[in-house]
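# Secondary and tertiary structure notes
Okay, here's what each chain looks like letter by letter:
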Amino acid sequence: MDRLAFAEGLGKKIITSQQKSFEAGSEFDDLSHITNMKRIIVAISDYLKSEDMPENGINAMADSLKRLGKGLFVTGCVSNKDEDEDEGEVREDSEIWFDYIYEHEEYPE
């Protein structure tokens, strides 16, 4: 296994573990949870850049980890929705929420 594949596999394991902790009622709120995911992805990417790994591979790996984190977050939101909430609306709102926080590292105004 090459270093890029190893880094992606490790990142997936860390992000999945963090999501499980978040769902179990950890002290994290959405903001800290999503920004922690971002820090994990950025740290892995920065390490790979320092090892002169190809930029396109690093970007693909980072995109894959972000998609995983977003997917886990959205799935968690949908599974915890109230009975009277529309699943499609919760999914869409959660995706927008995740993307905003990931990008800006703050709650939307």
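Up top is the structure these notes are about.
One structure accompanies this document, and this report is about it. Bear in mind the structure is a predicted one, so any value in this text is a computation, not a measurement. (Residues numbered from 1 in each chain as written. Predicted model: local features only at pLDDT ≥ 70, side-chain atom pairs only at ≥ 80, totals over all residues. Heavy atoms only, no water.)

## A few points about helix α3 (residues 55-79)
Between the first and last C-alpha of α3 there are 36 Å, a value that for 25 residues agrees with the 36 Å anticipated at 1.5 Å per step. For α3, every residue scored as buried is listed here: Gly57, Ile58, Met61, Ala62, Ser64, Leu65, Gly69, Phe73, Val74, Gly76 and Val78. The secondary structure elements touched by the buried residues of α3 are α1 (3-23), α2 (30-50) and α4 (87-104). (Helix = DSSP H or I, 4+ residues; strand = E, 2+ residues; numbered from the N terminus. Expected span 1.5 Å × (residues − 1). Buried < 20%, exposed > 50% of the residue type's maximum accessible area, 1.4 Å probe, protein only. Contact = heavy atoms within 4.5 Å.)

## With respect to a nonpolar patch on the surface
The grouping of Phe6, Leu10 and Ile14 at the surface amounts to a nonpolar patch, some 270 Å² of accessible area in total. Within the fold, Leu10 resides in helix α1. The partly exposed category is assigned to Leu10, whose relative accessible area is 42%. (Patch = residues over 30% accessible without salt bridge, like charges linked within 9 Å, V, L, I, M, F, W, Y side chains within 5 Å. Areas by Shrake-Rupley, 256 points an atom, 1.4 Å probe, with all protein chains shown as cover. Salt bridge = Lys/Arg side-chain N within 4 Å of Asp/Glu carboxyl O.)

## Considering the environment of Arg3
With respect to the helices and strands, Arg3 occurs in helix α1. When its relative accessible area of 42% is taken as the criterion, Arg3 is described as partly exposed. Sequence separation between Arg3 and Glu51 is 48 residues, and the spatial gap between their C-alpha atoms is 9.5 Å. If we ignore the near neighbours within four places in the chain, the residues touching Arg3 are Leu48, Glu51 and Met53. A polar contact of 2.8 Å, which involves the side chain of Arg3, links it to the side chain of Glu51. (Polar contact = N/O pair within 3.5 Å; in protein donor to acceptor, adjacent residues only side chain to side chain.)

## Some details on the nonpolar core
Here is a general trend for soluble globular proteins: nonpolar side chains tend to be buried in one another's company. The biggest cluster of nonpolar side chains holds 22 residues, and the ones touching the most others in it are Ile44, Leu48 and Met61. Taken together, the elements giving at least two residues each to this core come down to α1, α2, α3 and α4. Top element by residues in this core is α3. It accounts for 7 residues. Contact partners of Met61, with chain neighbours within four places excluded, come to Leu4, Glu8, Ile44, Ser45 and Leu48. (Core = buried A, V, L, I, M, F, W, Y, C linked by side-chain atoms within 4.5 Å.)

## As for the pattern of salt bridges
Should their charged atoms come close, side chains of opposite charge can pair. Counted by the stated rule, this structure contains 5 salt bridges. Lys38 is the salt-bridge partner of Glu105, the closest N and O atoms lying 3.2 Å from each other. Taken together, the residues span a long stretch of sequence, with Glu105 in the segment after α4 and Lys38 in helix α2 at a distance of 67 residues. For Glu105, a relative accessible area of 40% translates into the label partly exposed.

## Thoughts on the packing of α1 against α2
Direction vectors running N to C along α1 and α2 enclose 170°, while the axes themselves pass 11 Å from each other. Our classification of the angle between α1 and α2 gives roughly antiparallel. Judged by the sense of rotation from one axis to the other, the crossing of α1 with α2 is right-handed. Of α2, the residues touching α1 (which contributes Arg3, Leu4, Ala7, Gly11, Ile14, Ile15, Gln18, Gln19 and Phe22) are Asp30, His33, Asn36, Met37, Ile40, Ile41, Ile44 and Leu48. Grouping the amino acids of the contact of α1 with α2 by side-chain chemistry returns 10 nonpolar, 5 polar and 2 charged. (Axes fitted to C-alpha atoms, helices over the stretch in contact; angles between N-to-C directions. Parallel < 35°, antiparallel > 145°, perpendicular 65-115°, else oblique. Left-handed = near helix turned anticlockwise from the far one by under 90°. Nonpolar A, V, L, I, M, F, W, Y, C, P; charged D, E, K, R; others polar.)

Functional significance is not addressed by these values, which are geometric in nature.
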